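Observations on the model geometry
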Amino acid sequence: MASEPRMLILFKIIPGAFRRRVCLLLTSGINTLKQVTNLYLLCGMSCTQVCIHYVWATRSRRPTLVMPCRGQLFTHIRENALLKGIHLDRINGHTDHVHCLVWLQPAQSLASVAQQLKGESAYWFNVLSGINSAKLQWQESYFAASVSLSGLSAVRKYIDNQEAHHAVKTFEKEYDELMREYLFIKDLDNSIISYRRNIRR
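Residues numbered from 1 in each chain as written. Predicted model: local features only at pLDDT ≥ 70, side-chain atom pairs only at ≥ 80, totals over all residues. Heavy atoms only, no water.

So, the nonpolar core
The biggest cluster of nonpolar side chains holds 25 residues, and the ones touching the most others in it are Tyr54, Leu73, Val98, Cys100, Val102, Leu117 and Trp138. Of all the secondary structure elements, the ones that give two or more residues to this core are β1 (50-57), α4 (69-83), β2 (87-94), β3 (97-104) and α5 (110-128). Broken down by element, this core gets its largest block of residues, 6 residues, from α5. Beyond its immediate chain neighbours, meaning those up to four positions away, leucine 73 contacts Leu65, Ser121, Trp124, Phe125, Leu136 and Trp138. Ranked by size, the runner-up nonpolar core spans 7 residues in total, among them Cys51, Val147, Leu152 and Ile159. (Core = buried A, V, L, I, M, F, W, Y, C linked by side-chain atoms within 4.5 Å. Buried < 20%, exposed > 50% of the residue type's maximum accessible area, 1.4 Å probe, protein only. Helix = DSSP H or I, 4+ residues; strand = E, 2+ residues; numbered from the N terminus. Contact = heavy atoms within 4.5 Å.)

With respect to the packing of aromatic side chains
Summed over all chains, the structure comprises 2 aromatic pairs. Taking the centre distance of 6.1 Å and the plane angle of 50° together, the rings of tyrosine 54 and tyrosine 142 count as tilted. On the criterion of sequence distance, the pair formed by tyrosine 54 in strand β1 and tyrosine 142 in the loop between α5 and β4 (143-146) is long-range, its members being 88 residues apart. Note on tyrosine 54: relative accessible area 0%, which makes it buried. With centroids separated by 5.9 Å and ring planes inclined at 80°, the aromatic side chains of tryptophan 56 and tryptophan 138 adopt a geometry described as edge-to-face. Here tryptophan 138 lies in the loop between α5 and β4 and tryptophan 56 lies in strand β1, a separation of 82 residues in the sequence. Taken individually, tryptophan 56 and tryptophan 138 each receive the classification buried, so the pair is uniform in this respect. (Phe/Tyr/Trp six-rings, centres within 6.5 Å; stacked < 30°, edge-to-face > 60°.)

Details of the pairing of β1
The element β1 is extensively covered by neighbouring structure, given that 7 of its 8 residues are classed as buried. Two strands pair when backbone bridges link them, and β1 and β3 are joined in this way by 8 bridges, in the antiparallel orientation. Paired with cysteine 51 across the two strands is tryptophan 103, which belongs to β3. Relative to β4, β1 is paired through 4 bridges, and the arrangement is antiparallel. Note on β4: the bridge partner recorded for valine 55 is phenylalanine 143. (Pairing = 2+ DSSP bridges.)

Observations concerning the confidence of the model for the protein
For the protein, the mean per-residue pLDDT works out to 75, and 58% of the residues sit at or above 70. For the protein, per-element mean pLDDT is lowest for strand β6 (residues 192-197), which scores 47, and highest for β3, which scores 94. Scored below 50 in pLDDT, residues 188-194 shows 7 contacts in the model against residues more than four places distant or in partner chains. (pLDDT = per-residue confidence, 0-100.)

A word on the environment of valine 66
For valine 66, the location among the structural elements is in the loop between β1 and α4. Residue classification places valine 66 among the partly exposed positions, given a relative accessible area of 38%. A C-alpha to C-alpha distance of 7.7 Å links valine 66 and histidine 94, two positions 28 residues apart in sequence.

Thoughts on helix α6 (residues 152-160)
Along α6, the residues classified as buried are Leu152, Val155 and Ile159. End-on, the buried residues of α6 take up no more than an arc of 65°, which puts them together on one face. Turned more than 90 degrees off the buried face of α6, the exposed positions are Ser153, Ala154 and Lys157. (Arc of directions from axis to C-beta.)

In structure tokens:
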């Protein structure tokens with residue numbers, strides 16, 4: 001089966017005790033990568049519920065992510081996230097940026113997940129993918145904000161509908177709206193844009 005190699009890779013990176021449990025459950029009908037992954041995410045861990053909406057852009061907002069290479073990149077990011085134990089709920093974007101919705105696990109930090117998804121994906125795109133496209137470079141900065149359960153459906157829908165959304169709105173306008181929504185304000189310092197937390201309500 002096509003999923004067997006990924007299953008073997010997953011077995012190598014998950015803890016031994018859980019691996020033995022999965023081996024026993026394989027005889028009970030759990031035989032797909034998705035089932036094993038879901039089981040791993042739900043068993044043997046602290047009870048946490050931290051959902052993060054990430055957004056990052058290409059360097060200088062260059063429109064590097066054209067189709068079909070954008071779809072190939074997003075597929076790779078999903079597969080890479082799975083191998084690294086990152087629960088990627090949603091990924092989508094447009095020609096110059098990416099949205100990701102990630103459920104953080106107890107041992108994961110917001111910054112480390114961003115680095116694992118961003119850095120590895122650029123290397124894969126430029127060196128390993130064979131995609132004949134302009135070089136992909138990410139901006140060093142990124143946006144990240146927690147998502148409440150009550151707002152989860154709206155954020156998922158927003159990420160899923162990026163193509164239609166950006167038919168009428170630029171990424172720059174979208175990003176500024178995110179800054180205002182999450183109470184950040186923009187400063188101009190020698191033409192360098194930075195953001196600081198706005199504590200005034």
